[in-house]
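Residues per chain are reported as follows:
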Amino acid sequence: MFTGIVQGVGTLVAVEEATQFRRHVVAFPEEMVQGLQTGASVAHNGCCLSVTHIDGNRVAFDLMRETLRLTNLGALEVGDRVNLERAARVGDEIGGHAMSGHILCQAVLDELDEAPNNRRLWFAVPEVHARFLFEKGYIGVDGISLTIGAVDGARFCVDLIPDTLSRTTLGERVLGERVNVEVDPQTQAIVETVERVLASRRSE
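Quantities reported herein were computed from a predicted structural model and do not represent experimental measurements.

Draft legend 1. Inspection of the packing of aromatic side chains at higher detail. In total, this model carries 2 aromatic pairs according to the counting rule given. With centroids separated by 6.1 Å and ring planes inclined at 20°, the aromatic side chains of Phe28 and Phe61 adopt a geometry described as stacked. Placement of Phe28 in the loop between strand 2 (21-27) and strand 3 (41-44) and of Phe61 in strand 5 (residues 58-63) is noted, with a sequence separation of 33 residues between them. We note that Phe28, like Phe61, is buried.

What follows is the structure, given as structure tokens:
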């Protein structure tokens with residue numbers, strides 16, 4: 001489990017390509033590798049990945065085809081930066097919201113609204129996932145726990161304060177770029193349960 005509170009930003013320093021497979025080596029901030037072990041779960045732009053090798057502050061992850069299909073990780077190149085969060089531990093403060101690290105889809109940044117002390121970003125998700133968007137609901141964007149400010153069809157916006165912009169990669173995003181999206185698990189479960197109940201009643 002993760003909380004959506006990004007603990008640091010890493011830099012992709014090496015990529016190994018194979019058929020429907022990738023290995024990423026990420027340079028971690030020094031404070032994030034303390035106690036890190038092979039097999040540990042780390043959210044990588046919000047996607048839960050397992051550590052496969054550690055060499056100093058360089059940490060390797062294996063990406064399978066489903067990860068490459070669903071997330072923006074397959075488009076990363078050496079030098080790109082990623083949001084990092086280690087798995088939550090029992091007793092940790094939950095400053096964001098409970099997140100699984102399982103990406104639902106990618107969203108496209110299609111509108112930017114700049115202000116002196118904040119930034120509003122509008123993202124578009126595939127139409128099929130619009131039913132999970134609710135104003136003031138929780139959402140994970142590239143691993144960051146955020147509150148949806150408004151919903152417009154299959155689009156939603158989030159408002160970012162300077163601290164979020166400086167501590168994560170969202171301050172670097174430009175129009176047309178894709179981000180990983182995880183909807184609030186409780187919201188997804190409620191929506192899908194209601195859909196199943198209504199569908200069963202219609203078929204009676």
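Draft legend 2. Layout of the environment of Glu127. With respect to the element layout, Glu127 can be found in the loop between strand 8 (118-124) and strand 9 (138-141). For Glu127, a relative accessible area of 65% translates into the label exposed.

Draft legend 3. Broad picture of the pairing of strand 10 (residues 144-147). Where strand 9 and strand 10 come together, 4 bridges link them in antiparallel fashion. Directly across from Tyr138, in strand 10, lies its bridge partner Thr147. Taking the residues that link successive antiparallel strands as the turn, the strand 9-strand 10 hairpin has 2 residues, and the phi of Asp142 there is positive, at about 50°.

Draft legend 4. Region of the structure containing the side chain of Asn180. Note on placement: Asn180 falls in strand 13 (residues 178-183). What makes Asn180 buried here is its relative accessible area of 0%. Of the polar contacts made by the side chain of Asn180, one reaches the backbone oxygen of Asn45; its length is 3.0 Å. Not counting residues up to four positions away in its chain, the partners in contact with Asn180 are His44, Asn45, Leu70, Thr71, Asn72, Leu73, Ile103, Cys105, Gln106, Gly140, Val141 and Asp142.

Draft legend 5. Broad picture of the nonpolar core. Ranked by internal contacts, the top residues of the largest apolar core, which has 25 residues, are Phe123, Ile139 and Phe156. Of all elements in the fold, only strand 7 (105-115), strand 8, strand 9, strand 10, strand 12 (155-160) and strand 13 reach the threshold of two or more residues within this core. Residue contacts for Phe156: discarding those within four places in its chain leaves Leu121, Trp122, Phe123, Val125, Leu133, Ile139, Val141, Ile148, Ala150, Val151 and Val181. In this structure, Met32, Val33, Leu63 and Leu73 belong to the second largest nonpolar core, which totals 18 residues.

Draft legend 6. The sheet that holds strand 7, seen in detail. The 7 strands lie next to each other as 10-9-13-7-8-12-11, forming an open sheet whose pairing is antiparallel. This sheet does not close on itself; its edge strands, each paired only once, are strand 10 and strand 11 (150-152). Taking the axes of each pair of neighbouring strands and ignoring which way they run, one obtains an average angle of 35° across the sheet.

Draft legend 7. Geometry of the sheet that holds strand 4 (residues 47-55). With antiparallel pairing, 6 strands are arranged side by side around a closed barrel as 1-2-5-4-3-6. The sheet shows a mean angle of 45° between the axes of neighbouring strands, taken without regard to direction. Judged from the 4 bridges that link them, strand 4 and strand 5 form a sheet pairing that is antiparallel. Residue pairing in the sheet places Ile54 in a bridge with Val59 of strand 5.

Draft legend 8. The environment of Glu172, seen in detail. Topologically, Glu172 is positioned in the loop between helix 2 (162-167) and strand 13. Considered as a pair, Glu172 and Arg81 are 91 residues apart in the sequence and their alpha carbons are 9.5 Å apart. Among residues more than four places away in sequence, those in contact with Glu172 are Arg81, Arg119 and Glu177. In terms of polar contacts, Glu172 uses its side chain to reach the side chain of Arg81, at 2.7 Å.

The rules behind these values
Residues numbered from 1 in each chain as written. Predicted model: local features only at pLDDT ≥ 70, side-chain atom pairs only at ≥ 80, totals over all residues. Heavy atoms only, no water. Phe/Tyr/Trp six-rings, centres within 6.5 Å; stacked < 30°, edge-to-face > 60°. Helix = DSSP H or I, 4+ residues; strand = E, 2+ residues; numbered from the N terminus. Buried < 20%, exposed > 50% of the residue type's maximum accessible area, 1.4 Å probe, protein only. Pairing = 2+ DSSP bridges. Polar contact = N/O pair within 3.5 Å; in protein donor to acceptor, adjacent residues only side chain to side chain. Contact = heavy atoms within 4.5 Å. Core = buried A, V, L, I, M, F, W, Y, C linked by side-chain atoms within 4.5 Å. Axes fitted to C-alpha atoms, helices over the stretch in contact; angles between N-to-C directions.

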